[in-house]
Amino acid sequence: MNYLIDTHILLWHSDDNQKLSHQVTLELNSSSASLYVSHATYWEMAIKKGLGKLDLNVPISEFRKMAMRNSFHSLSFDNEHYDVLEQLPFLHADPFDRFSGIKMWC
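Each value, and the rule that gives it
- For every chain, the first residue of the written sequence is number 1, and numbering continues from 1 onward in sequence order.
- The predicted nature of this model means local features are confined to residues of pLDDT at least 70 and side-chain atom pairs, given and counted, to a pLDDT of 80 or more, with totals for whole chains, interfaces and linings taken over all residues.
- Heavy atoms throughout the structure, all of them, feed into the side-chain values; hydrogens and water do not.
- For salt bridges, the criterion is a side-chain nitrogen of Lys or Arg within 4 Å of an Asp or Glu carboxyl oxygen.
- For the purposes of this entry, the term helix denotes a DSSP run of H or I that reaches at least four residues, the term strand denotes a run of E that reaches at least two, and both are numbered from the N terminus.
- Two strands are said to pair when DSSP picks up at least two bridges between them.
- For helices, the axis comes from a line fit to the C-alpha atoms of the stretch in contact; other axes are also lines fit to C-alpha atoms, and the angle between any two N-to-C directions lies between 0 and 180 degrees.
- Residue contacts are defined here by distance: any two heavy atoms, one from each residue, within 4.5 Å place the two residues in contact.

## Considerations on the pattern of salt bridges
The tally for this structure, following the rule as stated, stands at 2 salt bridges. Salt-bridge contacts for Glu-62 lead to Arg-69; the nearest nitrogen and oxygen are separated by 3.3 Å.

## Here we look at the environment of Arg-64
The topology assignment puts Arg-64 in helix 4 (residues 60–69). With 22 residues separating them along the chain, Arg-64 and Tyr-42 place their C-alpha atoms 7.3 Å apart.

## Overview of the sheet that holds strand 1 (residues 2–4)
Sheet architecture is open: 3 strands sit in the order 1-2-3, paired in parallel fashion. Taken across any chain shown, the strands that pair with only one partner, and hence form the sheet edges, are strand 1 and strand 3 (72–75). Within this sheet the neighbouring strands show an average axis-to-axis angle of 30°, counted without direction. Sheet topology note: the strand 1/strand 2 (residues 34–38) ladder contains 3 bridges and is parallel. Paired with Tyr-3 across the bridge in strand 2 is Leu-35. Sitting on the sheet, helix 3 (residues 39–50) touches strand 2 and strand 3, and the angle it makes with strand 2 is about 50°.

Listed below in structure tokens is the structure:
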């Protein structure tokens, strides 16, 4: 199963945070799971860290490398993603969640 991981799930998974349900933890740790993280997630983390809203002991670039070593694949942006983004419904106002979810539509 393919999963596009959002910012909170990625951070909670890296901390073994109890906010993740047992079921989500099992899915993320499953050998059949393919885990993907959009570059929008790392972009959001960098902004939040710079604003003091994210307490992270390592630079975002190092966190990304650690995530990749732990089987989280990185997804970059393509020009077609911007075209799709214009067509997505406004289900919520968080621009990073909208951009992170765009991979699901392409």
